[in-house]
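Residue-level structure breakdown
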Amino acid sequence: MARPVWSGVLSFGLVSVPVGLYTATESHAVRFHQLQRGTSDRVRNRRVNERTGKEVDLDDIVKGFDTGDEYVVVEPEELEEIAPGRSKALEITGFVDLDDVDPIFFDKTYYLGPRGKEYGKTYRLLEEALARANRAGIATFVMRQHEYLVAVKAENGLLTCHTLHWADEIRDPREEIDTLPGRVKTSDKERKMAEQLIEALAIDWDPGDYHDTFQEKVAALVKAKQAGETVEKAAPPAESTQVVDLMEALRASVERARSPKDTGEKATAPGVRRKPRAQPKKRARTAPKAKDLQDLTKAELYEKAAVEGVPGRSTMTRDELIDALT
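Presented here is a report on the structure given in the accompanying data block. (Residues numbered from 1 in each chain as written. Predicted model: local features only at pLDDT ≥ 70, side-chain atom pairs only at ≥ 80, totals over all residues. Heavy atoms only, no water.)

Below, the discussion takes up the overall build of the chain. For the chain, the helix and strand inventory stands at nine helices and nine strands. Within the span of the chain, comprising 326 residues, buried residues form 20% of the whole. Taking contacts inside the chain between residues at least 6 apart in sequence as the whole, the part at least 24 apart equals 61%. Accessible surface computed for the chain: about 25,300 Å², of which carbon and sulfur atoms make up 51%. (Helix = DSSP H or I, 4+ residues; strand = E, 2+ residues; numbered from the N terminus. Buried < 20%, exposed > 50% of the residue type's maximum accessible area, 1.4 Å probe, protein only. Contact = heavy atoms within 4.5 Å. Areas by Shrake-Rupley, 256 points an atom, 1.4 Å probe, with all protein chains shown as cover.)

Below, the structure is given as C-alpha coordinates:
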(Lines give C-alpha, C1' and ligand atoms only; values in the text may rest on other atoms or scores of the structure.)
Protein backbone atom coordinates (compact mmCIF):
# COMPACT_ATOMS: atom_id res chain seq x y z
CA MET A 1 0.00 0.00 0.00
CA ALA A 2 1.10 3.56 -0.71
CA ARG A 3 2.30 5.80 2.11
CA PRO A 4 0.65 9.18 2.60
CA VAL A 5 2.62 12.22 1.44
CA TRP A 6 1.04 14.23 4.28
CA SER A 7 -1.00 13.36 7.35
CA GLY A 8 -3.02 15.59 9.65
CA VAL A 9 -6.54 16.38 10.79
CA LEU A 10 -9.40 17.31 8.45
CA SER A 11 -11.99 19.42 10.27
CA PHE A 12 -15.26 21.13 9.43
CA GLY A 13 -17.04 22.99 12.19
CA LEU A 14 -16.47 21.05 15.41
CA VAL A 15 -16.18 17.73 13.56
CA SER A 16 -12.73 16.36 12.76
CA VAL A 17 -11.17 13.19 11.34
CA PRO A 18 -7.47 12.23 11.04
CA VAL A 19 -6.61 11.76 7.36
CA GLY A 20 -3.74 10.97 5.05
CA LEU A 21 -3.06 12.58 1.67
CA TYR A 22 -2.18 10.14 -1.13
CA THR A 23 -0.91 10.93 -4.63
CA ALA A 24 -3.71 10.27 -7.12
CA THR A 25 -1.75 10.31 -10.39
CA GLU A 26 1.56 9.11 -11.79
CA SER A 27 3.57 9.90 -14.89
CA HIS A 28 4.30 7.23 -17.51
CA ALA A 29 6.78 9.35 -19.47
CA VAL A 30 9.83 7.55 -20.84
CA ARG A 31 12.83 8.74 -18.82
CA PHE A 32 16.27 9.32 -20.35
CA HIS A 33 19.71 9.73 -18.77
CA GLN A 34 22.02 12.52 -19.89
CA LEU A 35 25.13 11.29 -21.76
CA GLN A 36 28.06 13.08 -23.34
CA ARG A 37 27.64 12.87 -27.11
CA GLY A 38 29.80 10.13 -28.67
CA THR A 39 30.27 8.31 -25.35
CA SER A 40 28.33 6.25 -22.83
CA ASP A 41 29.44 8.53 -20.00
CA ARG A 42 26.67 9.75 -17.70
CA VAL A 43 26.37 13.50 -17.12
CA ARG A 44 25.18 14.29 -13.60
CA ASN A 45 24.04 17.47 -11.91
CA ARG A 46 26.02 18.40 -8.83
CA ARG A 47 25.65 21.10 -6.19
CA VAL A 48 28.79 23.19 -6.58
CA ASN A 49 29.97 26.31 -4.73
CA GLU A 50 30.22 28.83 -7.58
CA ARG A 51 33.14 30.65 -5.86
CA THR A 52 35.33 27.67 -4.93
CA GLY A 53 34.11 25.17 -7.55
CA LYS A 54 33.87 22.49 -4.84
CA GLU A 55 30.87 20.19 -4.38
CA VAL A 56 28.65 20.95 -1.35
CA ASP A 57 26.91 18.34 0.82
CA LEU A 58 23.11 18.58 0.94
CA ASP A 59 23.18 19.04 4.74
CA ASP A 60 25.31 22.17 4.29
CA ILE A 61 22.84 23.87 1.97
CA VAL A 62 20.42 26.49 3.36
CA LYS A 63 17.89 28.80 1.74
CA GLY A 64 18.91 32.41 1.11
CA PHE A 65 16.71 35.32 0.02
CA ASP A 66 18.46 37.91 -2.15
CA THR A 67 17.77 41.43 -0.81
CA GLY A 68 20.05 43.12 -3.32
CA ASP A 69 23.22 43.70 -1.32
CA GLU A 70 23.13 40.58 0.88
CA TYR A 71 21.39 37.24 1.43
CA VAL A 72 19.02 36.61 4.33
CA VAL A 73 19.58 32.98 5.37
CA VAL A 74 16.52 30.95 6.47
CA GLU A 75 16.87 27.50 8.08
CA PRO A 76 14.31 24.72 7.34
CA GLU A 77 13.21 24.55 10.99
CA GLU A 78 12.51 28.30 10.98
CA LEU A 79 9.98 27.80 8.20
CA GLU A 80 8.30 25.05 10.25
CA GLU A 81 8.16 27.24 13.35
CA ILE A 82 6.14 30.01 11.72
CA ALA A 83 3.34 27.55 10.83
CA PRO A 84 3.53 24.83 13.54
CA GLY A 85 -0.16 24.03 13.87
CA ARG A 86 -1.31 24.62 10.31
CA SER A 87 1.24 22.13 8.95
CA LYS A 88 -0.88 19.34 10.43
CA ALA A 89 -4.35 20.88 10.06
CA LEU A 90 -6.67 20.83 7.05
CA GLU A 91 -9.51 23.04 8.28
CA ILE A 92 -12.46 23.62 5.96
CA THR A 93 -13.54 27.24 6.31
CA GLY A 94 -16.56 27.07 3.98
CA PHE A 95 -18.34 25.11 1.27
CA VAL A 96 -18.74 26.41 -2.28
CA ASP A 97 -20.88 25.28 -5.22
CA LEU A 98 -18.68 23.22 -7.53
CA ASP A 99 -20.14 24.99 -10.55
CA ASP A 100 -18.70 28.28 -9.25
CA VAL A 101 -15.06 27.07 -9.32
CA ASP A 102 -13.49 27.78 -12.70
CA PRO A 103 -11.47 24.75 -13.97
CA ILE A 104 -8.41 26.97 -14.45
CA PHE A 105 -7.96 27.08 -10.65
CA PHE A 106 -7.52 23.29 -10.30
CA ASP A 107 -3.90 22.10 -10.13
CA LYS A 108 -3.11 18.64 -8.69
CA THR A 109 -5.34 15.88 -7.30
CA TYR A 110 -4.79 13.79 -4.17
CA TYR A 111 -6.86 11.09 -2.48
CA LEU A 112 -7.89 11.59 1.13
CA GLY A 113 -8.17 8.51 3.35
CA PRO A 114 -9.06 8.13 7.05
CA ARG A 115 -6.14 7.30 9.33
CA GLY A 116 -7.92 4.35 10.90
CA LYS A 117 -11.12 2.33 10.49
CA GLU A 118 -12.58 3.90 13.64
CA TYR A 119 -12.88 7.19 11.72
CA GLY A 120 -14.80 5.63 8.83
CA LYS A 121 -18.23 6.92 9.87
CA THR A 122 -17.16 10.57 10.09
CA TYR A 123 -15.29 10.25 6.79
CA ARG A 124 -18.31 8.68 5.06
CA LEU A 125 -20.68 11.29 6.50
CA LEU A 126 -18.69 14.15 4.95
CA GLU A 127 -18.32 12.33 1.63
CA GLU A 128 -22.06 11.64 1.32
CA ALA A 129 -23.05 15.16 2.40
CA LEU A 130 -20.70 16.77 -0.15
CA ALA A 131 -21.95 14.49 -2.93
CA ARG A 132 -25.60 15.35 -2.25
CA ALA A 133 -24.92 19.08 -1.94
CA ASN A 134 -22.66 19.20 -5.03
CA ARG A 135 -20.29 21.37 -3.03
CA ALA A 136 -16.59 21.40 -2.18
CA GLY A 137 -14.92 22.33 1.09
CA ILE A 138 -12.34 25.12 0.78
CA ALA A 139 -9.31 24.94 3.08
CA THR A 140 -5.63 25.85 3.37
CA PHE A 141 -2.78 23.78 4.80
CA VAL A 142 1.01 23.63 4.82
CA MET A 143 2.97 20.79 3.19
CA ARG A 144 6.71 20.71 2.45
CA GLN A 145 7.17 24.35 3.45
CA HIS A 146 4.45 25.56 1.08
CA GLU A 147 0.93 26.72 1.84
CA TYR A 148 -1.78 25.33 -0.40
CA LEU A 149 -5.34 26.39 -1.14
CA VAL A 150 -7.41 23.24 -1.67
CA ALA A 151 -10.90 22.03 -2.53
CA VAL A 152 -12.12 18.86 -0.79
CA LYS A 153 -14.61 17.02 -3.03
CA ALA A 154 -16.62 13.81 -3.01
CA GLU A 155 -15.81 11.62 -6.01
CA ASN A 156 -16.69 7.99 -6.68
CA GLY A 157 -17.33 7.17 -3.02
CA LEU A 158 -14.25 8.81 -1.51
CA LEU A 159 -12.90 12.24 -0.63
CA THR A 160 -10.40 13.92 -2.93
CA CYS A 161 -8.24 16.96 -2.29
CA HIS A 162 -7.50 19.26 -5.23
CA THR A 163 -4.81 21.90 -4.84
CA LEU A 164 -5.93 25.23 -6.31
CA HIS A 165 -4.01 28.11 -7.80
CA TRP A 166 -4.13 31.35 -5.81
CA ALA A 167 -6.11 34.11 -7.51
CA ASP A 168 -2.98 36.21 -8.17
CA GLU A 169 -1.35 33.23 -9.94
CA ILE A 170 -3.94 33.27 -12.74
CA ARG A 171 -2.70 35.36 -15.64
CA ASP A 172 -4.97 37.73 -17.54
CA PRO A 173 -5.25 36.26 -21.06
CA ARG A 174 -5.72 39.71 -22.59
CA GLU A 175 -2.37 40.78 -21.21
CA GLU A 176 -0.63 37.56 -22.29
CA ILE A 177 -2.07 37.14 -25.80
CA ASP A 178 -1.98 40.07 -28.17
CA THR A 179 -3.67 38.17 -31.02
CA LEU A 180 -7.06 37.60 -29.37
CA PRO A 181 -9.88 38.57 -31.77
CA GLY A 182 -11.85 41.70 -31.02
CA ARG A 183 -15.33 42.36 -32.37
CA VAL A 184 -15.21 39.83 -35.21
CA LYS A 185 -18.59 39.20 -36.85
CA THR A 186 -19.69 35.65 -37.66
CA SER A 187 -22.76 34.86 -39.73
CA ASP A 188 -25.73 32.79 -38.59
CA LYS A 189 -24.93 30.27 -41.32
CA GLU A 190 -21.34 29.85 -40.07
CA ARG A 191 -22.45 29.44 -36.45
CA LYS A 192 -25.10 26.90 -37.43
CA MET A 193 -22.59 24.91 -39.48
CA ALA A 194 -20.09 24.96 -36.59
CA GLU A 195 -22.80 23.73 -34.19
CA GLN A 196 -23.65 20.93 -36.63
CA LEU A 197 -19.99 19.90 -36.72
CA ILE A 198 -19.82 19.84 -32.91
CA GLU A 199 -22.97 17.72 -32.71
CA ALA A 200 -21.73 15.37 -35.44
CA LEU A 201 -18.53 14.77 -33.43
CA ALA A 202 -20.33 14.46 -30.08
CA ILE A 203 -19.27 11.44 -28.00
CA ASP A 204 -19.72 10.15 -24.45
CA TRP A 205 -16.70 10.92 -22.25
CA ASP A 206 -14.69 7.82 -21.39
CA PRO A 207 -11.04 8.53 -20.44
CA GLY A 208 -10.19 4.88 -21.09
CA ASP A 209 -10.66 5.53 -24.81
CA TYR A 210 -7.54 7.70 -24.92
CA HIS A 211 -3.89 6.81 -24.48
CA ASP A 212 -0.54 8.55 -24.77
CA THR A 213 0.51 7.69 -28.33
CA PHE A 214 3.65 9.83 -28.18
CA GLN A 215 5.15 7.81 -25.30
CA GLU A 216 4.35 4.60 -27.21
CA LYS A 217 6.19 5.99 -30.24
CA VAL A 218 9.17 6.99 -28.06
CA ALA A 219 9.36 3.43 -26.72
CA ALA A 220 9.10 2.07 -30.29
CA LEU A 221 11.86 4.45 -31.42
CA VAL A 222 14.19 3.22 -28.66
CA LYS A 223 13.45 -0.41 -29.53
CA ALA A 224 13.99 0.19 -33.25
CA LYS A 225 17.31 2.00 -32.73
CA GLN A 226 18.45 -0.82 -30.47
CA ALA A 227 17.77 -3.26 -33.32
CA GLY A 228 19.37 -1.00 -35.93
CA GLU A 229 16.03 -0.27 -37.59
CA THR A 230 14.22 2.96 -38.51
CA VAL A 231 10.72 4.15 -37.68
CA GLU A 232 8.17 5.98 -39.78
CA LYS A 233 8.08 9.74 -39.25
CA ALA A 234 4.88 11.43 -38.13
CA ALA A 235 2.67 13.17 -40.67
CA PRO A 236 3.17 16.96 -40.90
CA PRO A 237 0.61 19.15 -39.08
CA ALA A 238 -2.50 20.31 -40.91
CA GLU A 239 -2.37 23.70 -42.61
CA SER A 240 -4.23 26.60 -41.01
CA THR A 241 -7.76 27.30 -42.28
CA GLN A 242 -7.89 30.51 -44.28
CA VAL A 243 -10.78 32.90 -43.70
CA VAL A 244 -12.01 32.53 -47.29
CA ASP A 245 -12.14 28.73 -46.88
CA LEU A 246 -13.86 28.74 -43.47
CA MET A 247 -17.41 27.92 -44.63
CA GLU A 248 -16.23 25.25 -47.05
CA ALA A 249 -13.98 23.72 -44.39
CA LEU A 250 -16.91 23.56 -41.96
CA ARG A 251 -19.20 21.96 -44.55
CA ALA A 252 -16.59 19.37 -45.54
CA SER A 253 -15.87 18.61 -41.87
CA VAL A 254 -19.55 17.96 -41.14
CA GLU A 255 -19.83 15.61 -44.14
CA ARG A 256 -16.64 13.79 -43.11
CA ALA A 257 -17.85 13.40 -39.52
CA ARG A 258 -21.17 11.97 -40.63
CA SER A 259 -19.83 9.62 -43.34
CA PRO A 260 -18.63 6.75 -41.05
CA LYS A 261 -22.14 6.26 -39.60
CA ASP A 262 -22.76 3.13 -41.67
CA THR A 263 -19.83 1.50 -39.82
CA GLY A 264 -21.12 2.58 -36.43
CA GLU A 265 -18.00 4.67 -35.71
CA LYS A 266 -17.15 8.36 -35.56
CA ALA A 267 -14.23 9.83 -37.45
CA THR A 268 -11.38 10.23 -34.98
CA ALA A 269 -7.90 11.64 -34.84
CA PRO A 270 -5.03 9.17 -35.39
CA GLY A 271 -4.02 7.24 -32.29
CA VAL A 272 -7.31 7.87 -30.45
CA ARG A 273 -9.45 4.90 -29.57
CA ARG A 274 -12.98 6.18 -29.47
CA LYS A 275 -16.25 4.35 -29.07
CA PRO A 276 -19.44 5.60 -30.72
CA ARG A 277 -21.75 7.57 -28.49
CA ALA A 278 -24.35 5.34 -26.90
CA GLN A 279 -27.75 5.98 -28.41
CA PRO A 280 -30.59 6.24 -25.88
CA LYS A 281 -33.22 3.58 -26.09
CA LYS A 282 -36.62 4.83 -27.13
CA ARG A 283 -39.26 3.99 -24.59
CA ALA A 284 -42.44 5.39 -23.23
CA ARG A 285 -41.86 7.19 -19.97
CA THR A 286 -43.39 9.53 -17.48
CA ALA A 287 -41.36 12.64 -16.78
CA PRO A 288 -40.14 12.69 -13.15
CA LYS A 289 -41.28 15.47 -10.87
CA ALA A 290 -38.79 18.16 -9.91
CA LYS A 291 -39.06 17.30 -6.21
CA ASP A 292 -38.01 13.71 -6.98
CA LEU A 293 -34.78 14.99 -8.54
CA GLN A 294 -33.76 17.49 -5.85
CA ASP A 295 -31.89 14.88 -3.77
CA LEU A 296 -29.74 13.75 -6.71
CA THR A 297 -26.19 15.05 -7.30
CA LYS A 298 -25.28 16.82 -10.51
CA ALA A 299 -23.43 13.69 -11.67
CA GLU A 300 -26.54 11.54 -11.09
CA LEU A 301 -28.70 14.09 -12.92
CA TYR A 302 -26.25 14.07 -15.83
CA GLU A 303 -26.44 10.27 -16.03
CA LYS A 304 -30.24 10.47 -16.25
CA ALA A 305 -29.95 13.19 -18.91
CA ALA A 306 -27.57 10.98 -20.91
CA VAL A 307 -30.02 8.06 -20.78
CA GLU A 308 -32.86 10.30 -21.93
CA GLY A 309 -30.74 11.88 -24.66
CA VAL A 310 -31.15 15.44 -23.38
CA PRO A 311 -29.35 17.72 -25.88
CA GLY A 312 -26.80 20.20 -24.54
CA ARG A 313 -26.58 18.41 -21.17
CA SER A 314 -22.80 18.75 -20.91
CA THR A 315 -23.05 22.53 -20.47
CA MET A 316 -26.09 22.60 -18.19
CA THR A 317 -26.07 23.60 -14.53
CA ARG A 318 -27.73 21.40 -11.90
CA ASP A 319 -30.97 23.43 -12.00
CA GLU A 320 -31.03 23.33 -15.81
CA LEU A 321 -30.63 19.54 -15.78
CA ILE A 322 -33.61 19.25 -13.41
CA ASP A 323 -35.71 21.52 -15.69
CA ALA A 324 -34.71 19.51 -18.77
CA LEU A 325 -35.57 16.18 -17.13
CA THR A 326 -38.98 17.40 -15.99
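Read on, since the account is not over.
Helix α6 (residues 246–258) packs onto helix α4 (residues 188–200) with a crossing angle of 25° between their chain directions and a minimal axis gap of 9 Å. In terms of orientation, α4 and α6 fall into the roughly parallel class. Our pair here, α4 against α6, has a crossing hand that is left-handed. Across the interface between the two elements, K189, E190, M193, A194, Q196, L197 and A200 from α4 touch L246, M247, L250, R251, S253, V254, A257 and R258 from α6. Broken down by class, the residue content of the contact of α4 with α6 amounts to nine nonpolar, two polar and four charged. (Axes fitted to C-alpha atoms, helices over the stretch in contact; angles between N-to-C directions. Parallel < 35°, antiparallel > 145°, perpendicular 65-115°, else oblique. Left-handed = near helix turned anticlockwise from the far one by under 90°. Nonpolar A, V, L, I, M, F, W, Y, C, P; charged D, E, K, R; others polar.)

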